Amino acid sequence: MAEQYGVPLLGQLPLNLRIREDLDNGHPTVVSAPTSELSLRYRDVARNLTARLSMTPRSLAVSLPQINIRNS
């Protein structure tokens, strides 16, 4: 699909029952089994994503919303 849309493939995650079970128990797989193959794949995708984002040029033309903090 990445090739079809001309975007980089950041990684592939398997459909795995453990992911759903871990999330149902409130502990993502990267927390419940940090050294598992699934966790390593998630980390690879996260690394690839952050590497790609770090290469994205920042535009100063984009205006960010102003955040106002009120003291109660």
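Predicted model, so just to flag it, every value in this text is computed and none were measured.

Novice: Just give me the short version of the overall build of the chain, but keep the residues and values in it.
Specialist: A count of helical and extended segments in the chain gives four helices and zero strands. Taken from N to C terminus, the helices and strands of the chain fall in the order α-α-α-α. Computed over its C-alpha atoms, the radius of gyration of the chain comes to 18 Å, more than 25% above the 11 Å expected for a compact globule of 72 residues. For the C-alpha atoms alone, the extent of the chain along its principal axes is close to 45 × 40 × 20 Å. Counting every position in the chain, which comprises 72 residues, the buried fraction comes to 12%.

Novice: So what's going on with a nonpolar patch on the surface? Residues and values would help.
Specialist: On the surface, Leu13, Val30, Val31 and Tyr42 cluster together into a nonpolar patch covering about 300 Å² of accessible area. Tracing the sequence through the fold places Tyr42 in helix α4 (residues 37-54). The exposure class of Tyr42 is partly exposed, given its relative accessible area of 31%.

Novice: Pulling in residues and values, what's your account of α4?
Specialist: Taking 1.5 Å as the rise per residue, α4 with 18 residues should run 26 Å; its terminal C-alpha atoms sit 26 Å apart, in good agreement. If you check which residues of α4 are buried, you get Leu38, Ser39 and Val45. In a view along the axis of α4, the buried residues occupy a sector of 125°, so they form one face of it. Exposed side of α4, more than 90 degrees from the buried face: Glu37, Arg47 and Ser54 are the residues found there. Against the buried residues of α4 lie α2 (17-24) and α3 (29-32).

Novice: Just give me the short version of the pattern of salt bridges, but keep the residues and values in it.
Specialist: Counted under the stated rule, the structure contains four salt bridges. For Arg20, the salt bridge is made with Asp24, and the minimal N-O distance between the two is 2.6 Å. Taken together, the positions of Arg20 and Asp24, both in helix α2 and four residues apart, correspond to about one turn of that helix.

Novice: Before we move on, can you summarise the side chain of Asp22 with the specific residues and values?
Specialist: The residue Asp22 is located in helix α2 in this model. Among the residues examined, Asp22 registers a relative accessible area of 10% and is labelled buried. When sequence neighbours within four positions are dropped, the list of residues in contact with Asp22 reads His27, Pro28, Thr29 and Ser32.

Novice: Requested: an account of the side chain of Ser39, with residues and values cited.
Specialist: If you trace the backbone, Ser39 turns up in helix α4. Polar side-chain contacts of Ser39 include one of 2.6 Å to the backbone oxygen of Ala33. Excluding its chain neighbours within four sequence positions, the residues that come into contact with Ser39 are Thr29, Val30, Ala33 and Pro34.

Procedures and definitions
Residues numbered from 1 in each chain as written. Predicted model: local features only at pLDDT ≥ 70, side-chain atom pairs only at ≥ 80, totals over all residues. Heavy atoms only, no water. Helix = DSSP H or I, 4+ residues; strand = E, 2+ residues; numbered from the N terminus. Rg over C-alpha atoms; globule rule 2.2 N^0.38 Å. Buried < 20%, exposed > 50% of the residue type's maximum accessible area, 1.4 Å probe, protein only. Patch = residues over 30% accessible without salt bridge, like charges linked within 9 Å, V, L, I, M, F, W, Y side chains within 5 Å. Areas by Shrake-Rupley, 256 points an atom, 1.4 Å probe, with all protein chains shown as cover. Salt bridge = Lys/Arg side-chain N within 4 Å of Asp/Glu carboxyl O. Expected span 1.5 Å × (residues − 1). Arc of directions from axis to C-beta. Contact = heavy atoms within 4.5 Å. Polar contact = N/O pair within 3.5 Å; in protein donor to acceptor, adjacent residues only side chain to side chain.

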